[in-house]
Amino acid sequence: MSKSNVQSYPVLKPFRLNKRWVKSGTVSLLPAQAYTLQLNGKIGKAKTANNKTSEVKS
């Protein structure tokens, strides 16, 4: 099984997604879906919980 890469993005400007208006709040998208919307200023950077990376030292 593969891990889902869906992330939550804050909506900055209203836009249409799948024939519906997204006006406020957050929207869950794949990074490939979010790329163009971020370039156009419609959504902000992804909000991810526990997005911390740790290094293992040997």
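Just above, that's the structure.
Quick summary incoming for the structure in this document. Bear in mind that the values here come from a model prediction, so they are computed numbers and not experimental data.

Cut-offs used in this document
- Residues numbered from 1 in each chain as written.
- Predicted model: local features only at pLDDT ≥ 70, side-chain atom pairs only at ≥ 80, totals over all residues.
- Heavy atoms only, no water.
- Helix = DSSP H or I, 4+ residues; strand = E, 2+ residues; numbered from the N terminus.
- Buried < 20%, exposed > 50% of the residue type's maximum accessible area, 1.4 Å probe, protein only.
- Contact = heavy atoms within 4.5 Å.

Let us look at the overall build of the protein chain. Summing up its helical and strand segments, the protein chain has one helix and four strands in all. When the helices and strands of the protein chain are listed from N to C terminus, the series reads β-β-β-β-α. The burial tally for the protein chain puts 19% of its 58 residues in the buried class. Here the contacts in the protein chain between residues at least 6 apart in sequence split such that 46% fall between residues at least 24 apart.

Our next topic: unusual backbone geometry. In this structure, Asn-18 is a non-glycine residue whose phi angle is positive, near 55 degrees. Assessed through its relative accessible area of 68%, Asn-18 is described here as exposed. Residues other than glycine seldom take positive phi values, yet Lys-19 does so here, at roughly 65 degrees. Tracing the backbone shows Lys-19 in the loop between β2 (15-17) and β3 (20-22).

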